[in-house]
Amino acid sequence: MGVLDGVPILVKDEIPTVGHSVTLGTSFIFDRVEKDVLPIIKLKQQGVLIVGKTNQHEIGIGTTGFNLLHGTPKNPYGRDGRHYYTGGSTSGSAAAVAMGLVPLAVGADGGGSIRIPSGLCGIVGLKATYKRVARDCSVGCSVSHAGPMANNVHDAALAYAIMAGEAENDHRRHSQMQPPVHLHAYLTNQSTDLKGLRIGIFDEHIKDSDENVQRATKRAIEHYRQLGAEIVPITLPHLQEIHMAHAITISTEMYSLMEEHYQSSHFNQFCPESRVSLAIGRSWSSSEFLAAQKVRSYAMHHIEVLFQNKVDIILSPATPCTAPLMRDD
């Protein structure tokens, strides 16, 4: 028996899973899947039962979870008869875990698509380091990650340990050697003493969020301080330029993958939001794309230096606001 034997899970639409077509949340893409991707294979080897696929923001290019064709999942924490967005693009997986349909789901993240809905639905979502969880990407190849979404840290960590690992057919595997994944320290050390842990805080970034988010973040910082963690002020410079570089990268790669459909009769079958996003991706020049990669390299180097010399983790709000209200218009 595997460690997840008999556990029901759901998988985001865009992640290839045998027995389920990949639609990317559209009305015209129906890619038949002949072989599971590696993280799904690993989960199946540990006994999970895949009970279905989950809805997503069309082609994964939005952060609300809105889907004009298949319907928009509602945040389970709606109140007073009002409905709120789950966040996206992994909207269905987040809603299903938050409402208790399944204890675990698999999502994909290229710019917050696991982290945003996890934060807005009050669950745990993990976007691992690039290629830590192997995947044959169908969307946003240089930024896309598969990862677990669960009701608690323990379940997310267990699923991550199972899913992680490089693919044998990845030509980069010999230049990006991965250490083995294990949970020995996590499972054996149940102490809440955080003495020696350095938590990086970029205060100016936190101040950009809504007041209620700021208050919750400050409570978390104080909680970890009381447990013995060292709170270390840090700076993440040029965030606006870094955000722009990411937007250029993901929209360009998305257009490259969707170009055949965009240039065909399927154009009018995209929802208006997707058409606009793809048009933006189409508009970038090669020099702008290369410039974005230079900014990306700068950001990666800065973060690497922080982790090597100053902090062990960086604490930040998952989103700058709580779940947006769904309006009729």
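Residues numbered from 1 in each chain as written. Predicted model: local features only at pLDDT ≥ 70, side-chain atom pairs only at ≥ 80, totals over all residues. Heavy atoms only, no water.

J.: Account for the sheet that holds strand E5 (residues 145-150), with residues named and values stated.
T.: Taken together, five strands build an open sheet; the order of strands is E2-E1-E3-E5-E4 and the sheet is mixed. Of all the strands in the sheet, the pair left with one neighbour each is strand E2 (49-54) and strand E4 (124-125). Sheet topology note: the strand E1 (residues 8-12)/E2 ladder contains five bridges and is parallel. Across the sheet, residue Lys12 finds its bridge partner in E2, namely Thr54. Here helix H4 (residues 153-163) sits on the sheet and contacts strand E3 (104-109), E4 and E5; the angle it forms with E5, its principal contact strand, is near 150°. (Pairing = 2+ DSSP bridges. Helix = DSSP H or I, 4+ residues; strand = E, 2+ residues; numbered from the N terminus. Contact = heavy atoms within 4.5 Å. Axes fitted to C-alpha atoms, helices over the stretch in contact; angles between N-to-C directions.)

J.: If you had to explain the nonpolar core to someone new, which residues and values would you point to?
T.: Core analysis: the biggest nonpolar cluster contains 21 residues, and Ile9, Ile15, Ile40, Leu43 and Val106 have the highest contact counts within it. Elements with a contribution of two residues or more to this core: E1, helix H1 (38-45), E3, E5 and H4. Looking at which element gives the most residues to this core, the answer is H4, with five residues. Sequence-distant contacts of Ile9, that is, excluding residues within four places in its chain, are made with Leu43, Val48, Leu49, Ile50, Val51, Gly52, Val102, Leu104 and Val106. With twelve residues, the next largest nonpolar core counts Leu24, Phe28, Tyr255 and Met258 among its residues. (Core = buried A, V, L, I, M, F, W, Y, C linked by side-chain atoms within 4.5 Å. Buried < 20%, exposed > 50% of the residue type's maximum accessible area, 1.4 Å probe, protein only.)

J.: Tell me about helix H10 (residues 286-309), and name the residues and values.
T.: Compared with an ideal rise of 1.5 Å per residue, which puts 24 residues at 34 Å, H10 spans 35 Å between its outermost C-alpha atoms and is within 8% of the ideal. Against the buried residues of H10 lie helix H8 (239-262) and strand E8 (313-314). (Expected span 1.5 Å × (residues − 1).)

J.: Give a detailed account of the side chain of Asp36, specifying residues and quantitative values.
T.: Locating Asp36 in the fold gives a position in the loop between E1 and H1. With relative accessibility at 11%, the residue Asp36 sits in the buried group. Among the polar contacts made by the side chain of Asp36, one reaches the main-chain amide nitrogen of Val18 at a distance of 2.6 Å. Of note is the side chain of Asp36, whose polar atom sits 2.7 Å from the side chain of Lys44. (Polar contact = N/O pair within 3.5 Å; in protein donor to acceptor, adjacent residues only side chain to side chain.)

J.: Got a sec to walk through empty space enclosed by the protein? Specific residues and values, please.
T.: All chains considered together, the criterion is met by two cavities of 30 Å³ or more. By volume, the second largest cavity is sized at about 60 Å³. Taken together, the residues of the lining of the second largest cavity break down into five nonpolar, three polar and three charged. (1 Å grid on protein atoms, 1.4 Å probe; cavity = no way out; pocket = protein on both sides within 12 Å on 5 of 7 lines; lining within 4 Å. Points joined across faces, edges and corners; volume = space filled by probe spheres on them. Nonpolar A, V, L, I, M, F, W, Y, C, P; charged D, E, K, R; others polar.)

J.: A description of the sheet that holds E8 should follow, citing residues and the corresponding values.
T.: Pairing is parallel across the open sheet formed by three strands, whose spatial order is E7-E6-E8. The two strands at the open ends of the sheet, each matched to only one other strand, are strand E7 (230-233) and E8. With four bridges joining them, strand E6 (residues 198-201) and E7 adopt parallel strand pairing. Bridge pairing in E7 links Gly200 to Val232.

J.: Describe H4, and please don't skip the residues or the numbers.
T.: Structural remark: α-helix, 3.6 residues per turn; residues separated by three or four positions point the same way. Among the residues making up H4, those that are buried are Ala156, Ala157, Ala159, Tyr160, Ile162 and Met163. Buried residues in H4 make contact with H1, E3, E4, E5 and helix H5 (184-188). A side-chain oxygen of the first residue of H4 lies 3.2 Å from the backbone nitrogen of His154; this N-cap is Asn152. Following H4 by one or two positions, Gly165 has its phi on the positive side, about 135°.

J.: Please give an account of the packing of aromatic side chains that cites residues and values.
T.: Counted under the stated rule, the structure contains three aromatic pairs. A ring pair is formed by Tyr262 and Phe267, whose centres lie 5.1 Å apart and whose planes are at 90°; its orientation type is edge-to-face. The class for Tyr262 is buried, based on a relative accessible area of 10%. By relative accessible area, Phe267 is classed as partly exposed at 29%. One aromatic cluster is present, built from ring pairs that chain together Tyr255, Tyr262 and Phe267. The aromatic ring of Phe267 is capped on one face by Arg275, whose charged end is 5.5 Å from the ring centroid. (Phe/Tyr/Trp six-rings, centres within 6.5 Å; stacked < 30°, edge-to-face > 60°. Lys NZ or Arg CZ within 6 Å of the ring centre and 35° of its normal.)

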